[in-house]
Amino acid sequence: MSYQETEAFYSDLYDELYPILRSITGPGLRQSYDIFGRYLPLERLSIPSGTVLFDWQVPQEWHCDEAYLLGPDGERVADMHRLNLEVVNYSEPVDITLSLEELQSHLYSLPELPEAVPYVTSYYKKRWGFCVSQSRRDQLKPGQYRAVIKSRFVDGHLDLAQTVLEGQSDQEVLLSSYLCHPSMANNELSGPLVLLGLYHRIKQWPNRRYTYRFMLHPETIGSLGVLHLLQDHFRQHLVSGLVLNCLGGDPQELVFKHSRNDNGLLDKLLYHLSERDYGHSNIPFSPLSGSDERQYNAPGFQFPVCCVSRSFHTGYKEYHTSLDNKDYMGIKPLLDSIDKLEKIFLAFEQVAKFENKFPFGEPNLGKRGLYPTLSFFSKERTSQLDELNHIKMLLNYSDTKHDTIDIANLQGKCVTDMQSAISKLEEQKLLEMI
Amino acid sequence: MSYQETEAFYSDLYDELYPILRSITGPGLRQSYDIFGRYLPLERLSIPSGTVLFDWQVPQEWHCDEAYLLGPDGERVADMHRLNLEVVNYSEPVDITLSLEELQSHLYSLPELPEAVPYVTSYYKKRWGFCVSQSRRDQLKPGQYRAVIKSRFVDGHLDLAQTVLEGQSDQEVLLSSYLCHPSMANNELSGPLVLLGLYHRIKQWPNRRYTYRFMLHPETIGSLGVLHLLQDHFRQHLVSGLVLNCLGGDPQELVFKHSRNDNGLLDKLLYHLSERDYGHSNIPFSPLSGSDERQYNAPGFQFPVCCVSRSFHTGYKEYHTSLDNKDYMGIKPLLDSIDKLEKIFLAFEQVAKFENKFPFGEPNLGKRGLYPTLSFFSKERTSQLDELNHIKMLLNYSDTKHDTIDIANLQGKCVTDMQSAISKLEEQKLLEMI
Amino acid sequence: MSYQETEAFYSDLYDELYPILRSITGPGLRQSYDIFGRYLPLERLSIPSGTVLFDWQVPQEWHCDEAYLLGPDGERVADMHRLNLEVVNYSEPVDITLSLEELQSHLYSLPELPEAVPYVTSYYKKRWGFCVSQSRRDQLKPGQYRAVIKSRFVDGHLDLAQTVLEGQSDQEVLLSSYLCHPSMANNELSGPLVLLGLYHRIKQWPNRRYTYRFMLHPETIGSLGVLHLLQDHFRQHLVSGLVLNCLGGDPQELVFKHSRNDNGLLDKLLYHLSERDYGHSNIPFSPLSGSDERQYNAPGFQFPVCCVSRSFHTGYKEYHTSLDNKDYMGIKPLLDSIDKLEKIFLAFEQVAKFENKFPFGEPNLGKRGLYPTLSFFSKERTSQLDELNHIKMLLNYSDTKHDTIDIANLQGKCVTDMQSAISKLEEQKLLEMI
């Protein structure tokens, strides 16, 4: 096992990424891409501030150098250098002295989780604020407080990063995750880390039927940027997509939120495999919660993009707080997620629609060495027919309507059982992928 | 409550209409329209006798001034001035003396209901006859009888009557009932009386999404006349229709006979609401019995017209006899029918297909005041998301394929729950009805 | 009952056909057609050797005059004149002396059925061989054996034979069976014999809605020949087909293997009738086993051709051996198969899609004598409405989408119950078959 496959590798990489102050734009995000760029060849796509993205507009970059809140006795009530969640992300600059009472509307805390610092953002409306634990807030004494935020809004870019592994077909699978969250673990360093692991696995396959595109970007505005640049390409080539989201944490099962129309090849495969011990479950699409899959599945796109998670769809109390840390997430679950996802995409490689190029009657298989030239029904001979049966089924049903999952289902088999028969028929040019 | 909403109003109106000798054409029908015309602005549509209506022809008008049958002792065995059911409707003129034996083939009675005078018609074949109770018939003595019917067949018109309440959309709902039956109550003064009540309710709504057309006409030939005049209009504008039929009588529940293809908006709503305590049940279309819905649902039209009844579809023994009177029908059930139907059409107003005008990704709701501009996940805030959820669902699924019932069903909600969210999205021009 | 309907007739015909050495081409096949040609007017269709049939090629004719295997003591170990299964069908010529050891690879036997001589063919690869029982093989002594096969491969034809019974419509039903098997009974003299019986029954019907085509041919290459000649005709006219296969033997029930897309009129009827005591069961299509239906149902054709059998689909141990003889097959089961199949095709004659020629509203049935001209609801009258109900249902649903099975199902009736109503509506030109 190479170092890049080990728990230690992911643990070290996590530790390097964790403290960076990321946001949906700006230097923290770029620094994070640079770190990932050491391990996969990331191409940067940048969209200028102010660009209209459908109903949205790329905001100015947020640069924040310092942010702290001093108490009446000079103590640091909040300080982004201690924990970058302590400043409201995208806070406008401020330097003001005010009473505790005046301060209250700029403070965010969670009574239900008194020790947690919440994660709060205000990307599209100018505000400033600090996040503190409820227990700290309850102890604040009356007096004068000084709030200092040294931030700037700068014309720059919305930055996306991608790499592509080409396959035999230009039909494409999109794998994406988001990297805009500051110091939190499961949501969301887990997704980019698993995406990196999956890239390495798929790269090592001896061949690939499909092309795989890996994307990192900020959430929401980032996927809108992806769609802005690639919507036409996706309309032609995208067969399925998967958003990687919250892939650490306790529950051992992967949960796939399906695409809106539930009609992608991946959607279909996930149902097929979930009857066969692949260790995942399926839930339907909803626009109410989730992540970037909501953009891909908007009514104007309806791209078959799913979202996979171990813990997000079911919810966890540490979500969007300082308690979502390495202790909560763990590193082992990331490796397990990588293993399970690779296994699913290995099966995905067997999923395709083929056309039988000799559709008028049964082709003469004997002359191609695929069928006995002697007709002799005996017990011994009929017991060797398994692959021949796959061949007959594939030929009869490769009619441009049935895909290999349909054909496997007609036989009560798994699509992966037909791998050898599919290969032989492709070699003999009896089947051609469509 | 205005007088026109009271039981007394409907009772008085019933009493005025009951004794009139109506038929599918002629003066009794016109007189009845005149009476209704006092309470809603009826426009008269008249089609000349002899006009070809598809496979039919408008018959001449039937005018009947007198009809009686004198017994051997001069007693009035039947007399249309006593009860207008006693003459076979559309009887040809006759003045003849004949024996009891010869008379028998011109008499109609019901052995199974010995006290009832049956309702018999012969619109398209010339006949004459009298209807009597079986008990009276059994007592008739041998001897000479005199049959006198002073009727004429006159070139005139087939008369229809309508009024329209315009809505924001020119998509139209047809509400119709038939007024050709002479002195019977449930079948069929109930339908026209409920139609009048529903007109007053819908007229009072502050606004109407749909246009509502109210039609009164004779049965069968009348609806064929409506189709003759309006079939092209209906093909463009009719979203659903409802025939009002037998809306008094015992059973407390409304029963909706659905349209043939069961694919109108009203069909769909009726299923949706019947899981939600609206107090009605649904039965499938059949061409075997029923009323004018059979014409609207003929294979050449296939208009989504349903039929509603409290007692017709299940059958009642007084049907088409003198026992179908005010005692049987009652007035209270009519008011209850009006209440329930209004409630259903209020829900209908929320049923529409919309197009999301910003379908590429999620629209920016924050800038329109429909979404918090601060991202902060706390218990308190997530408990206020009900309307926001309706908004997200309406936006994602308003893709020209899903209507609001589909979207409500996806959430396990009633379509009426989304009324406020629909309004806000229409105001913001995010949704547009199609 | 004429002689041609009797058990004796089929028994005598069987005895005449049994000993002939048939193959997929050649004189034995032609001689067998000649015998059938005495009882039905068979037209011969011949395709020259070497003709390309889709992915196949018509092989040269096989003529075999003698084939025997002499043992060390001069005994006849195998001899095609004793039992024509004893030579591998399509053996190349040979005259050779060889040791028992060398001989073994040219011998075929079945350890699991020690007394049976197996049926072995090698049409498309040149080989020679003999088939013997396992018990005989076990007794073969070491020594020199002489193998003599006097066969020739001759340019000639692939021969097919057909006859057609015309119906009112040029929509066509294909009935086919195969005649290439040498001395075996159930598989496959049963199919051609039942086909002959069915021909005589259908010929005697007073009228036929559909046209029936009866085909005899060799298996696989023969049905490919049929498709080569008739595929365009079938695309225009074929409404359903049925391959007759293994119609003798024990099980009393007919088993229908449905067509691939399960969408032919016969497919639909078979489900409809199997709920109504017609004594058959249904199994889905599969390309894995079966006979010529696999060619008709190939993806390039997808013709709705089923296959019927009493014993084939469930398997029987005597299959493709000398034990598949008259004792196993019986003659009575053939007559029973003919009876049951005729009954099904009599029902098939009532299956059609009609168009209501007066689709705008209900047509005026009174003026055509199909409906009472007097409207009078009484117990007595409503009890006579069965046929009237069929008429109303047929008129309303004959909309080019529903066929008569659909309309029967809507009423919970059998399609044969509507025979009289269908006739009356066709006579009145209210319905027209499409």
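On a predicted model such as this, the values are computed, not experimentally measured, just so you know. (Residues numbered from 1 in each chain as written. Chains lettered and ligands numbered in written order. Predicted model: local features only at pLDDT ≥ 70, side-chain atom pairs only at ≥ 80, totals over all residues. Heavy atoms only, no water.)

Engineer: Would you mind going over the overall build of chain A in detail, with residue names and values included?
Structural biologist: The helix and strand inventory of chain A stands at 14 helices and 19 strands. Taken along the three principal axes of its C-alpha coordinates, chain A extends 100 × 40 × 40 Å. When the 434 residues of chain A are sorted by exposure, 61% land in the buried category. Contacts in chain A between residues far apart in sequence, at least 24 positions, make up 80% of those at least 6 positions apart. Surface summary for chain A: the accessible area is close to 16400 Å², and the carbon and sulfur share equals 48%. A gap of 4 Å separates the mean positions of the 43 positive and 57 negative side-chain charges of chain A. (Helix = DSSP H or I, 4+ residues; strand = E, 2+ residues; numbered from the N terminus. Buried < 20%, exposed > 50% of the residue type's maximum accessible area, 1.4 Å probe, protein only. Contact = heavy atoms within 4.5 Å. Areas by Shrake-Rupley, 256 points an atom, 1.4 Å probe, with all protein chains shown as cover. Lys, Arg positive; Asp, Glu negative; His and termini not counted. Charge placed at Lys NZ, Arg CZ, Asp CG, Glu CD.)

Engineer: Outline the relation of the copies chain A and chain B, listing residues and values.
Structural biologist: What connects the two chain copies is a rotation about an axis and a shift along it. If you rotate chain A by 120° and push it 0.0 Å along the axis, it lands on chain B with an RMSD of 0.1 Å. Seen this way, the second copy is the image of the first under a three-fold rotation axis. Closest approach to the rotation axis among the C-alpha atoms of chain A is made by K401(A), whose C-alpha sits 14 Å away. (Least-squares fit on C-alpha atoms with pLDDT ≥ 70 in both.)

Engineer: Requested: an account of the packing of aromatic side chains, with residues and values cited.
Structural biologist: This structure, assessed with the given rule, holds 69 aromatic pairs over all chains. With centroids separated by 4.9 Å and ring planes inclined at 85°, the aromatic side chains of F9(A) and Y39(A) adopt a geometry described as edge-to-face. Of the two residues, F9(A) is situated in helix α1 (residues 7–17) and Y39(A) in the loop between α2 (27–37) and β1 (43–48); the sequence distance between them amounts to 30 residues. Judged by relative accessible area, Y39(A) falls into the partly exposed class, the value being 21%. Look at Y199(B) and F214(B): their rings are 5.3 Å apart centre to centre, the planes differ by 85°, and that puts the pair in the edge-to-face class. Taken together, the residues Y199(B) in helix α5 (residues 190–204) and F214(B) in strand β12 (residues 211–217) connect sequence positions 15 residues apart. For the pair formed by Y199(B) and F214(B), the shared burial category is buried. (Phe/Tyr/Trp six-rings, centres within 6.5 Å; stacked < 30°, edge-to-face > 60°.)

Engineer: Would you mind going over the interface of chain A and chain B in detail, with residue names and values included?
Structural biologist: Each side of the interface is counted separately: chain A has 30 residues, and chain B has 26 residues. Where chain A meets chain B, there are four salt bridges. Among the ionic pairs, E362(B) bridges to R294(A), the shortest N-O distance being 2.7 Å. Remark: the boundary between chain A and chain B carries twelve residue pairs in polar contact (both at pLDDT 80 or more). Elements with a minimum of two residues in the side of chain A that touches chain B: α6 (221–237) and α8 (293–296) of chain A. Across the side of chain A that touches chain B, the residue classes tally to 15 nonpolar, eight polar and seven charged. (Salt bridge = Lys/Arg side-chain N within 4 Å of Asp/Glu carboxyl O. Polar contact = N/O pair within 3.5 Å; in protein donor to acceptor, adjacent residues only side chain to side chain. Nonpolar A, V, L, I, M, F, W, Y, C, P; charged D, E, K, R; others polar.)

Engineer: Can you break down the interface of chain C and chain B residue by residue, with the values?
Structural biologist: Listed as interface residues are 26 residues of chain C and, on the opposing side, 30 residues of chain B. Taken together, both faces of the contact between chain C and chain B bury some 2500 Å²; the carbon and sulfur share is 54%. In this assembly, chain C and chain B are joined by four salt bridges. The shortest N-O distance in the salt bridge between K367(C) and D55(B) comes to 3.5 Å. Counting the contacts that link chain C with chain B gives twelve residue pairs in polar contact (both at pLDDT 80 or more). Of all the elements in the fold, those that place two or more residues in the side of chain C that touches chain B are α12 (386–397) and β18 (399–403) of chain C. Here the side of chain C that touches chain B takes six residues from α12(C), the largest share from any one element. (Buried area = accessible area lost by both parts, 1.4 Å probe.)

Engineer: Give me the lowdown on the packing of helix α7 (residues 265–274) of chain B against helix α10 (residues 332–348) of chain B, citing residues and values where you can.
Structural biologist: Residue and element names in this part refer to chain B. Two elements in contact, α7 and α10, have axes separated by 10 Å at closest approach and are oriented at 110°. Between α7 and α10, the angle falls in the class roughly perpendicular. The two elements α7 and α10 meet at a crossing, and its hand is right-handed. Along the contact surface, α7 presents L265, L266, L269, L270 and L273, while α10 presents I344, F345, A347 and F348. A breakdown of the residues in the contact of α7 with α10 according to their chemical character gives nine nonpolar, no polar and no charged. (Axes fitted to C-alpha atoms, helices over the stretch in contact; angles between N-to-C directions. Parallel < 35°, antiparallel > 145°, perpendicular 65-115°, else oblique. Left-handed = near helix turned anticlockwise from the far one by under 90°.)

Engineer: Describe the domain arrangement of chain A, with residues and values.
Structural biologist: It is common to give the size of an interface as the accessible area lost on bringing the parts into contact. Residue and element names in this part refer to chain A. Once the domains are mapped, chain A shows domain 1 (7–59 + 157–348), domain 2 (62–154) and domain 3 (354–433). In this structure, domain 1 and domain 2 have C-alpha centres spaced 31 Å apart. Domain 1 puts 26 residues into the contact, and the matching count from domain 2 is 19 residues. Summed over both sides, the interface of domain 1 with domain 2 buries roughly 1700 Å², with 64% coming from carbon and sulfur. (Domains from an automatic or database assignment.)

Engineer: Help me get a handle on the pairing of strand β4 (residues 61–70) of chain A, residues and values and all.
Structural biologist: If a strand is regular, its side chains alternate between the two faces of the sheet. Residues and elements named next belong to chain A. Within β4, eight of the ten residues are buried, which leaves it mostly tucked inside the rest of the structure. Two strands pair when backbone bridges link them, and β4 and strand β9 (residues 144–154) are joined in this way by nine bridges, in the antiparallel orientation. Across the sheet, the residue bridging to C64 is S151, located in β9. In terms of strand pairing, β4 meets strand β5 (residues 76–79) through three bridges, oriented antiparallel. In the sheet register, Y68 faces β5, and the bridge partner there is D79. Taken together, β4 and the strand that follows it, β5, pair antiparallel across an intervening segment of five residues, in which G74 is found at a positive phi of about 85°. (Pairing = 2+ DSSP bridges.)

Engineer: Explain helix α10 (residues 332–348) of chain C to me, using residue names and the numbers behind them.
Structural biologist: Over its 17 residues, α10(C) extends 25 Å from the first C-alpha to the last, a length consistent with the 24 Å expected when each residue adds 1.5 Å. Looking only at α10(C), the buried set comprises P333(C), L334(C), L335(C), S337(C), I338(C), L341(C), E342(C), I344(C), F345(C), A347(C) and F348(C). (Expected span 1.5 Å × (residues − 1).)

Engineer: Please set out the sheet that holds strand β14 (residues 254–257) of chain B residue by residue, giving values where relevant.
Structural biologist: Residues and elements named next belong to chain B. The eight strands are arranged β1-β10-β12-β11-β13-β16-β14-β15 in an open sheet whose pairing can be described as mixed. The open sheet has two edge strands, β1 (43–48) and β15 (280–283), and neither has a second partner. Averaged over all adjacent pairs, the angle separating strand axes in this sheet is 25°, with direction ignored. Pairing of strand β10 (residues 157–165) with β12 involves five bridges; the strand directions are antiparallel. Looking at β12, one finds that T163 is bridged to F214. Packing against the sheet, α7 makes contact with β13 (238–244), β14, β15 and β16 (305–309), and its axis sits at approximately 130° to β15.

Engineer: Go over unusual backbone geometry, please, and point to the residues and values.
Structural biologist: For residues that are not glycine, phi is negative in most cases, and the peptide bond is trans in most cases. Positive phi values are uncommon outside glycine, yet Q302(B) reaches one of about 50°. For Q302(B), the location among the structural elements is in the loop between α8 (293–296) and β16.

Engineer: How would you sum up α10(B)? Please name residues and give values.
Structural biologist: With twelve of 17 residues buried, α10(B) is to be regarded as a mostly interior element. Every buried residue belonging to α10(B) is among P333(B), L334(B), L335(B), S337(B), I338(B), K340(B), L341(B), E342(B), I344(B), F345(B), A347(B) and F348(B), and all of these are buried.

Engineer: Give me the lowdown on the side chain of Q295(B), citing residues and values where you can.
Structural biologist: With respect to the secondary-structure elements, Q295(B) resides in helix α8. Taking relative accessible area as the criterion, Q295(B) reaches 1% and is therefore assigned buried. Apart from residues lying up to four places away in sequence, Q295(B) is in contact with T220(B), S223(B), L224(B), L227(B), F301(B), G361(C) and E362(C).

Engineer: Would you mind going over the sheet that holds strand β19 (residues 431–433) of chain C in detail, with residue names and values included?
Structural biologist: Residues and elements named next belong to chain C. Strands sit in the order β18-β17-β19 across an open sheet of three strands; the sheet is antiparallel. Each edge of the open sheet is held by one strand with a lone partner, namely β18 and β19. Across this sheet, the average inter-strand angle for adjacent strands is 35°, counted without regard to direction. Both strand β17 (residues 353–356) and β18 contribute to a ladder of two bridges, which runs antiparallel. When the sheet's bridge partners are listed, E355 is paired in β18 with D399.

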